[in-house]
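The chain contents come next:
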Amino acid sequence: MSVQKPIRRTTAPQITARKGGEPIVSLTAYHAHTAAIADNHVDFLLVGDSLGMVMHGFESTLPVTLDLMIMHGKAVMRGAQKALVVVDMPFGSYEESPPQAFQNAVRIIKETECGAVKLEGGARMAETVNYLTERGIPVMAHIGLTPQSFNVMGGFKTQGRTRDSWQVLEDDAQAVTEAGAFAVVLEAIAEPLAARITEQVPIPTIGIGASAKCDGQILVMEDMLGLSPRVPKFVRKFGEVGRFIEEAIADYSAEVRSRSFPAEEHTYDVKD
Ligand code: KIV
């Protein structure tokens, strides 16, 4: 029996049960503070390997390590109390074999205590998705534009723009569903195809640059907040946080330079 106060977080099966129902809301999160702010408004938080580009300034997600994902996963778990937390498996941590994926997914789950992992790939990763789910690890799949494969894909390109490319993506969605994924991210997939896949599979589709008909949506938090210098075309900015930060820093800088900060109310006097 646990002595800890129980935390009731959303579970992977609860996300699956939302298929065709109330839209699923999700965002990426990389640190405790923003995870705590988002927690009341989302169903799940993804500790995405996009953190390599967004937080660490890499040109792609490829340099991201398992240790980095675990460190950010722990932070998000400390910040969020209700949302399901899903942690991305980084490039090189799962593709070699199902046992390799299992070992690294176990590290993620044990060290962060998150509720699920996500990995990129459709039919080619189905065996691995099945291997993990059969051993107690909920897996979110990710098909369409899979950024870890951008070198093979020839860039960050929208998928399914021509009808003759649809079957492969439909087969990917079917394969990860049959393998036991509890949900599937559809990234940068042409709208009619994303809507069609959503109708075809019995698990929730989570769209990013895909279709409003997906069962849920995800965005990179920094992109929708207006904090990222460059964002993909599909991102709608819901805030101008970058501008607010710059204005606040400029005000602070001006006050320090003019010796008007700290003012009396921000200093401590001696106690008599
Ligand atoms: O890494 C990430 O942030 C993602 C989302 C874009 C789905 O995989």
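Higher on the page you've got the structure.
Here we summarise the structure given alongside this text. (Residues numbered from 1 in each chain as written. Predicted model: local features only at pLDDT ≥ 70, side-chain atom pairs only at ≥ 80, totals over all residues. Heavy atoms only, no water.)

**Comments concerning the site of the ligand**
Every residue close to the ligand is listed here: Thr28, Leu46, Gly48, Asp49, Ser50, Asp88, Lys118, His142, Val185, Glu187 and Ile208. For the ligand, the cavity whose grid points lie within 2 Å of the majority of its atoms is the largest pocket. For the shell around the ligand, the per-class residue count stands at 3 nonpolar, 4 polar and 4 charged. (Near = heavy atom within 4 Å. 1 Å grid on protein atoms, 1.4 Å probe; cavity = no way out; pocket = protein on both sides within 12 Å on 5 of 7 lines; lining within 4 Å. Sits in = over half its atoms within 2 Å of the grid points. Nonpolar A, V, L, I, M, F, W, Y, C, P; charged D, E, K, R; others polar.)

**A short note on helix α11 (residues 241–257)**
Between its first and last C-alpha, α11 extends 24 Å over 17 residues, near the 24 Å set by a 1.5 Å rise per residue. Once α11 ends, the next one or two residues include Arg259, with phi positive near 55 degrees. (Helix = DSSP H or I, 4+ residues; strand = E, 2+ residues; numbered from the N terminus. Expected span 1.5 Å × (residues − 1).)

**Some remarks on the sheet that holds strand β3 (residues 84–88)**
One closed barrel accounts for 8 strands, arranged β1-β2-β3-β4-β5-β6-β7-β8; its pairing is parallel. Ignoring which end each strand starts from, the neighbouring axes of this sheet average 25 degrees apart. Sheet analysis places strand β7 (residues 205–208) next to strand β8 (residues 216–219), joined by 2 bridges and oriented parallel. Bridged to Ile206 within β8 is Gly216. Seen against the sheet, helix α5 (residues 98–112) touches β3 and β4 (116–120) and runs at an angle of roughly 145 degrees to β4. (Pairing = 2+ DSSP bridges. Axes fitted to C-alpha atoms, helices over the stretch in contact; angles between N-to-C directions. Contact = heavy atoms within 4.5 Å.)

**Details of the layout of surface pockets**
The calculated volume of the largest pocket comes to roughly 1,200 Å³. Met53, Glu187, Asp223, Pro232 and Phe234 are the residues nearest the centre of the largest pocket, which is lined by 44 residues in total. Elements supplying a minimum of two residues to the lining of the largest pocket: α3 (51–54), β4, β6 (183–187), β8 and α10 (221–225). Split into classes, the residues belonging to the lining of the largest pocket amount to 22 nonpolar, 9 polar and 13 charged. (Points joined across faces, edges and corners; volume = space filled by probe spheres on them.)

**Some points on helix α4 (residues 66–79)**
Compared with an ideal rise of 1.5 Å per residue, which puts 14 residues at 20 Å, α4 spans 20 Å between its outermost C-alpha atoms and is within 8% of the ideal. In terms of burial, α4 is a largely internal element, 10 of the 14 residues being buried. Restricting attention to buried positions, one finds in α4 the residues Leu66, Leu68, Met69, Ile70, His72, Gly73, Ala75, Val76, Met77 and Gly79. On its buried side, α4 packs onto α2 (32–38), β2 (44–47), α3, β3 and α5. (Buried < 20%, exposed > 50% of the residue type's maximum accessible area, 1.4 Å probe, protein only.)

**Thoughts on the packing of helix α6 (residues 126–134) against helix α8 (residues 166–179)**
Look at α6 against α8: their axes get within 8 Å of each other, and the N-to-C directions meet at 20 degrees. Between α6 and α8, the angle falls in the class roughly parallel. Note on packing geometry: the crossing formed by α6 with α8 is right-handed. Contact residues: α6 offers Ala126, Val129, Asn130 and Thr133, while α8 offers Ala175, Val176 and Ala179. Class assignment of the residues belonging to the contact of α6 with α8 gives a composition of 5 nonpolar, 2 polar and no charged. (Parallel < 35°, antiparallel > 145°, perpendicular 65-115°, else oblique. Left-handed = near helix turned anticlockwise from the far one by under 90°.)

**Remarks on a nonpolar patch on the surface**
The grouping of Met53, Phe58 and Phe156 at the surface amounts to a nonpolar patch, some 260 Å² of accessible area in total. Tracing the sequence through the fold places Met53 in helix α3. With relative accessibility at 33%, the residue Met53 sits in the partly exposed group. (Patch = residues over 30% accessible without salt bridge, like charges linked within 9 Å, V, L, I, M, F, W, Y side chains within 5 Å. Areas by Shrake-Rupley, 256 points an atom, 1.4 Å probe, with all protein chains shown as cover. Salt bridge = Lys/Arg side-chain N within 4 Å of Asp/Glu carboxyl O.)

**Some words on the packing of aromatic side chains**
Within this structure, the stated rule accounts for 3 aromatic pairs. Seen in terms of ring centroids, Phe102 and Tyr131 are 6.3 Å apart; in terms of plane orientation they differ by 75 degrees. Their pairing is edge-to-face. Taken together, the positions of Phe102 in helix α5 and Tyr131 in helix α6 put the pair 29 residues apart, joining distant regions of the chain. According to the relative accessible area criterion, Phe102 is partly exposed, its value standing at 25%. On the basis of relative accessible area, Tyr131 is assigned to the partly exposed category, the value being 23%. Judged by centre distance (5.0 Å) and plane angle (5 degrees), the rings of Phe150 and Phe156 are stacked. Sitting above the plane of the Tyr131 ring, Arg135 keeps its charged end 3.5 Å from the centroid. (Phe/Tyr/Trp six-rings, centres within 6.5 Å; stacked < 30°, edge-to-face > 60°. Lys NZ or Arg CZ within 6 Å of the ring centre and 35° of its normal.)

**Side note on the nonpolar core**
By size, the foremost hydrophobic cluster in this structure holds 58 residues, and its most contacted members are Leu45, Leu132 and Leu186. What Leu186 contacts, discounting residues up to four positions off in sequence, is Ile143, Ala194, Ile197, Thr198, Thr205, Ile206, Gly207, Ile208, Ala210 and Cys214. In terms of nonpolar packing, the next biggest core, distinct from the first, is built from 15 residues, Leu84, Val86, Met140 and Ile208 among them. (Core = buried A, V, L, I, M, F, W, Y, C linked by side-chain atoms within 4.5 Å.)

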